[in-house]
Structure formats: structure tokens, C-alpha cells
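Remarks on the overall topology
This is what each chain is made of:
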Amino acid sequence: MLLSLLLLSVFLASVQVNSAKSPLRNIGHDHEYDYVIVGGGTAGSVLANRLSEDPGVTVAVIEGGPSDVGLEEVQILKNWLDLLGTKYDYKYGITEQPNGNSHIIHSRAKVLGGCASHNTLISFQPFNQDLDHWADLGNIGWTAAEIRPYGERIKMDFRPVAHKDRNAAASAWVVSAAKATGARIVSDFNAKITGQQDMVDAVGFLSVAYDPYTGHRDSASVAYLHPIMGVRHNLHLLLETWADGLIWDDLDPKRVSGVHTRSQDGELVIKARREVIISAGAIDSPRLLLLSGIGPAQELQALGIKPTHMLPGVGENLMDHVETIIMWNASSTPKETVMFSDAALFHRFNTSDPRPDLMSHVYQIPFTDHTVRLGYPTPRHAFAMTPNVPRPVSRGKLSLASSDPSVAPLIDFRYFTDPQGHDAALLVRGIRLAREIAKTAPFSEHIGGEIFPGVEVTSDEEISYLARKASNTVYHSSGTCKMGPDTDDMAVVDQRLRVKGLKGLRVVDASIFPNIPSVNPMLLVLTVAERAADMIKEDSLRLQSPVRDGLYPDVYAGQQPWVGI
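Our subject in this report is the structure included herewith. (Residues numbered from 1 in each chain as written. Predicted model: local features only at pLDDT ≥ 70, side-chain atom pairs only at ≥ 80, totals over all residues. Heavy atoms only, no water.)

In terms of helices and strands, the protein chain carries 15 helices and 25 strands. Expected size for 565 residues packed as a compact globule is a radius of gyration near 24 Å; at 24 Å, the protein chain falls within 12% of this value. Reported as C-alpha extents along the three principal axes, the dimensions of the protein chain are approximately 80 × 50 × 45 Å. With 565 residues in all, the protein chain has 61% of them scored as buried. For the protein chain, long-range pairs separated by at least 24 residues make up 72% of all intrachain contacts whose partners lie at least 6 apart in sequence. As presented, the protein chain carries roughly 21,200 Å² of accessible surface, and 54% of it is formed by carbon and sulfur atoms. Positive and negative side-chain charges of the protein chain, numbering 52 and 64 respectively, have mean locations separated by a distance of 1 Å. (Helix = DSSP H or I, 4+ residues; strand = E, 2+ residues; numbered from the N terminus. Rg over C-alpha atoms; globule rule 2.2 N^0.38 Å. Buried < 20%, exposed > 50% of the residue type's maximum accessible area, 1.4 Å probe, protein only. Contact = heavy atoms within 4.5 Å. Areas by Shrake-Rupley, 256 points an atom, 1.4 Å probe, with all protein chains shown as cover. Lys, Arg positive; Asp, Glu negative; His and termini not counted. Charge placed at Lys NZ, Arg CZ, Asp CG, Glu CD.)

What follows is about helix α13 (residues 460-469). Given 3.6 residues per helical turn, the α-helix brings residues three or four places apart onto the same face. Every buried residue belonging to α13 is among Ile463, Ser464, Leu466, Ala467 and Arg468, and all of these are buried. Buried residues along α13 sit in contact with α12 (422-438) and β23 (447-452).

Structurally, Thr308 is set in the loop between α11 (297-302) and β15 (309-310). Considered as a pair, Thr308 and Leu289 are 19 residues apart in the sequence and their alpha carbons are 9.9 Å apart. In this structure, Thr308 is in contact with Trp248, Lys254, Ser292, Gly293 and Ile294, ignoring residues within four places of it in sequence.

Let us look at the pairing of strand β10 (residues 235-238). Burial of β10 is two-sided: the residues Leu235 and Leu237 facing one way and the residues His236 and Leu238 facing the other way are all buried. Two strands pair when backbone bridges link them, and strand β3 (residues 59-62) and β10 are joined in this way by 4 bridges, in the parallel orientation. Across the sheet, residue Val59 finds its bridge partner in β10, namely Leu235. (Pairing = 2+ DSSP bridges.)

The linkage connecting Ala441 with the following residue, Pro442, adopts the cis geometry, with an omega of 10°. Note on placement: Pro442 falls in the loop between α12 and β23. Here Phe452 and Pro453 are connected by a cis peptide whose omega angle stands at 0°. Take Pro453: it is sitting in the loop between β23 and α13. If you check the backbone angles, Phe340 has positive phi at about 75° while not being a glycine. Inspection of the secondary structure assignment puts Phe340 in the loop between β17 (326-330) and β18 (343-347). Judged by relative accessible area, which is 16%, Phe340 ranks as buried. One non-glycine residue, Tyr475, lies in positive phi territory at about 65°. Secondary-structure assignment places Tyr475 in the loop between β24 (472-473) and β25 (505-507). Looking at Tyr475, the relative accessible area reads 24%, which means it is partly exposed.

Core analysis: the biggest nonpolar cluster contains 160 residues, and Met156, Trp173, Leu246, Val276, Leu289 and Leu505 have the highest contact counts within it. Counting 6 residues, the second largest nonpolar core, distinct from the first, contains Leu71, Val74, Leu83 and Val111. (Core = buried A, V, L, I, M, F, W, Y, C linked by side-chain atoms within 4.5 Å.)

On to the packing of helix α5 (residues 128-136) against helix α6 (residues 144-151), then. At a minimum axis distance of 9 Å, the contact between α5 and α6 shows a crossing angle of 120°. Compared by their axis directions, α5 and α6 come out oblique. Touching Asn128, Leu131 and Asp132 of α5 are Ala144, Ile147 and Arg148, all from α6. A class-by-class count of the residues in the contact of α5 with α6 yields 3 nonpolar, 1 polar and 2 charged. (Axes fitted to C-alpha atoms, helices over the stretch in contact; angles between N-to-C directions. Parallel < 35°, antiparallel > 145°, perpendicular 65-115°, else oblique. Nonpolar A, V, L, I, M, F, W, Y, C, P; charged D, E, K, R; others polar.)

Moving on: the pattern of salt bridges. Summed over all chains, the structure comprises 27 salt bridges. Here Asp34 and Arg274 are joined by a salt bridge, their closest N and O atoms 3.8 Å apart. In this pair, Asp34 sits in strand β2 (residues 32-38) while Arg274 sits in strand β13 (residues 266-278), placing the two residues 240 residues apart along the sequence. Overall, the relative accessible area of 26% leaves Arg274 in the partly exposed class. Residues Arg506 and Asp539 are paired through a salt bridge, measuring 2.5 Å at the closest nitrogen-oxygen approach. Taken as a pair, Arg506 in strand β25 and Asp539 in helix α14 (residues 522-544) lie far apart in primary sequence, 33 residues in all. Here the two residues Arg506 and Asp539 agree in accessibility, since each one is buried. What emerges from the salt-bridge pattern is a single network uniting Glu275, Arg496, Arg506, Glu538 and Asp539. (Salt bridge = Lys/Arg side-chain N within 4 Å of Asp/Glu carboxyl O.)

What follows concerns the packing of aromatic side chains. Taken as a whole, this structure holds 14 aromatic pairs when the rule is applied. Here the aromatic rings of Tyr363 and Phe367 are separated by 4.4 Å at their centres, their planes lie at 10°, and the arrangement is stacked. Each member of the pair, Tyr363 as well as Phe367, carries the same accessibility label: buried. Counting every residue linked through ring pairs, the aromatic cluster contains Phe124, Phe127, Phe189 and Phe346. Directly above the aromatic system of Trp142 lies the positively charged group of Arg531, at a separation of 4.7 Å from the ring centroid. (Phe/Tyr/Trp six-rings, centres within 6.5 Å; stacked < 30°, edge-to-face > 60°. Lys NZ or Arg CZ within 6 Å of the ring centre and 35° of its normal.)

What follows concerns the side chain of Asn49. By the element assignment, Asn49 lies in helix α2 (residues 42-51). Among residues more than four places away in sequence, those in contact with Asn49 are Lys155, Tyr224, Ile228 and Arg232.

As for its placement among the helices and strands, Glu152 is situated in the loop between α6 and β6 (158-160). Distance from Glu152 to Gln125, taken between C-alpha atoms, is 9.8 Å for residues 27 residues apart in sequence.

The next thing to look at is the environment of Leu83. In this fold, Leu83 is placed in helix α4 (residues 80-83). By relative accessible area, which is 3% here, Leu83 ends up buried. Excluding residues that lie within four positions of it along the chain, Leu83 makes contacts with Glu73, Val74, Tyr88, Asp89, Ser117, His118 and Arg217.

Okay, here's the thing in C-alpha cells:
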């Protein structure tokens, strides 16, 4: 008997990655883990790594896509545009946008590593003011000073675009943007941000998480999962497996004890001894809560879903960085590039705020997804700027179209619906600024005529109309399970990212953002996940230790430690 148990333990220890087809899925006790993470994306990769550091803890990750290991089409960063709309993309449509573009496809990655295996890996540390604003909203412990140290733990290797990858057109654009706007040319955006230096007007090459030698991604999965897959026997990846509902504890109706999943092999319940952590992103995290009856009761009842826990803020506060485009003809497409969008400009119009209120990425390829539909030609070669709104005022909503988990959700960004017209006005100013840059040497020598919106489009009204109709997402959805104090009735999670009023359930991803950061949010998602991992470990220790409250007195000051653990 002892020998049989020993052989079984050796067999189980030899298996680290359980795909949807793994026979281990049929072993009853192997369906229970200490922590169950829903989503193997940016945040989920961090949590899987940090929580499995303890060999005495078992961790399962439920991921709807396949592994990214060995997938060259995913790993080569320059291929990112080719991934959109493929089998690695959930391809979510959005609802009608009366003031904007209703044809946007909001890509969400369907592969291990999530959006970090799918996007451009542009890497910005958040501005201090963005983080301090979270604390100003009543989120104790979330000031920049308290959060920055977690950003220093990030395992992904990001650095400014290597000189060998800087082409002449992009380099000329940087020089001309500085001349035309008065911006300073910076060598490293993140050095200035973390050093609290002036970022009001700045232009330069971006920092990107990649290997300059190979051009491969250094994504969340590459940095946090690949080194431990096949090494940590307590980490189990349930790939190509979809989470479609939460399981409630039989004895405690306010405790979540597992996740109902489905795959090509059928349905399975994955149980969590300690916690379920939802890290499925700002679209699918609130979607899973809603499908489980957690959210606004009336809306759930209208779909035939029994409300299990009233939280009206689930799905509300949807935010995104919305952008538009201005495009010129070019004589060629540069070969020297990381991912065709290698530089950016920050500019401030509103002097009452120390942060820039306009950001523009640049593209050294035709970017015609939405201009062709408006009747504009597709050039063979082009150079484009995409002005975006760093701190949009408009707020949208994520809701369910059906109680059927296989039906895509309703994603209504409500672009350009802010009453003051702030978001739309910034795009107009961004296009006018771009035209000044285009007239300035040496960049003017690298481009031909303006393709979109066209030199004949001159009035604010005309520019605004076309800018909004050709607008696009920057794929930075956030805020749909926002963090907030007890006084905020629309908050979904508390300051320790526990779903309010429930036990055994947290949300850790961009959906918890109370406000969207001014810059690309990937590093902030990683930072939040690093901090969440510490919180989860601390809460577990408190439950196990007879000392409990004496372990982390500073961490738990002002908290309600027993709610949601």
C-alpha cells in the first residue's frame, strides 16, 4: 500500500501542465487546489508564479487558449498585427456607438500570456499622479510611494527600442516632433517617470519588453511561466479550458469554493481550498461575475440569472484609451523596426494638470482598418500618427447579452459621450498638432501627401466627425470591477482586491482600476498583480497563524480583515 501511494505521488509530481485532454482531469482529488486562478494572461502569469513559490501550495490556472511555448507566430513581436482576428483572438465586437465608430473589434488574446502575448508590449511605468489619485478616492495603501516598489519586481525585461531597430523615418519624426511642439527628446521615458522628472512635453523611442537580438517577446508568460513550467510540480495549467461560472460553498452561501469549467472534453468543477482569483481581464472578469449572479439584480433577473450577490458596479466604469489616425503617403516601409510603432509623443494643452493630456503613437505602415470603410484608399506604404486620449472622461459599460456563457458580452464603451466634449476635442487638437509636425523637417522629407483625413478637411467640425468615425481602441479596457472604499456603492473590490461582501474571491487585473492610467497600462497590471500576490500570501498566513493580527499590523490597519478572506 505504501509503495502504491509513493508511485502515485511520483506520477502526480511528474505532471506540471494539464491540458484539456489530460487524463489527470479524471482523478477526483486532483480537481482541488489551494488557489484557482481564472485567466493565464498578464496578471494571471504573475500570480501563478508568485503563489507557486511555496512548494506546499497548489495552484491551478484556467486558461481558455493554448500554450504559447514554441509558437513562433506569437513569440515574434513584429507579428502582432497578424494575430488580430485569428484563432488567438476572442474578437469581441462592440455595441452601436452613436458618437464614434461602431465597427471596432476589441481584440482579447486567447493564448497563454494573454494580451502580453498579443500586443505591442509597450512598457510605461504609471505617473505618480495617476496612482495618488487612486488613493485620493479612498483606496488606502495605493499611493505611488506604496505601489512603486512592486513595479521594481517585474520580471519582464523592457528597455528603449534598440538603436539597430530605429529606422530613419521614425528618427526624423522624433526630431520634427520636438521642433514643432517644443517637446524634449528623451532617451528613456521610464527613467523620467520614475525619477519624477518633467513629462509634460516629451518625445522619443518607446520602451518595449523584447529581446533585441531575436525580436522575440518577453511577455508575462515568457518571464513568469516559461521558466517554471516543468519545474514546479505544484503548478497546474488547465489550457483550452473555459470558466463559465463560480461554485458556491455548500455550508456558506457567501463563500466561493470553485469554478465550473468546460472544454472539448466536457464540464468539470475545479475546487479552491483557499481562494478563487479572477484575472480574466476587464471584459471577461466582470462577465464571469455576472454569469455567476454577482452584479445588478434587476439586469440579471431580466436574463433569467438568479442573483446571488448584489453588486451594482459590476461591469460599470468601463474605460479605454480611444485614438484616431492621421496618415500620409510614404516611399517605403522601413525594415528596421520592433513592431512598426516604435516612438511616441506626449503633449500638454491643459496647464492646470502636471500630466500630459495627449499621447500620440506612430506607425510606419498603412493603418487602414477604419479609413477604407470611409472611402479612403489603401496606400502601399504609409506613415501614421494615432493621437489618443490619456484620461478619457467618457465611461462605458459591460453587460451580458444572454445567460448563455458562450454568447459574447455587450461591450458599450460609450466613446465621446462626455457632456463637455473633452475626448473628441482632444483628437481634433491631436490631428492639428500632427499636421504641424508633418510640415517640419526632417520628417517632412520622409512623407508625401496626407491621405486621411485629407488636406481639404480643415474645420473643427469636419476633423472631429472623421476622427471619431475612424477612431479605434488602444485595447486598454479597464475599470469594470473597480476598487473602492466602503462608501463607494459602485466599487466591486476592496483595497485588498477582495470582492465586497464575499469570501474566497478576488479580482486581480485591469478591471480593478478606479481610473485608467495616462499611459499604456501593462506595467501597472503587472504591478497590481505583484502586490496582490503579497496580499494573498499575507491573508493566508493570518488565517493559519495563532498570532494573526500581530503579523502585519501596518498592512491591516484600517481594514476589515475577515471580510472576503
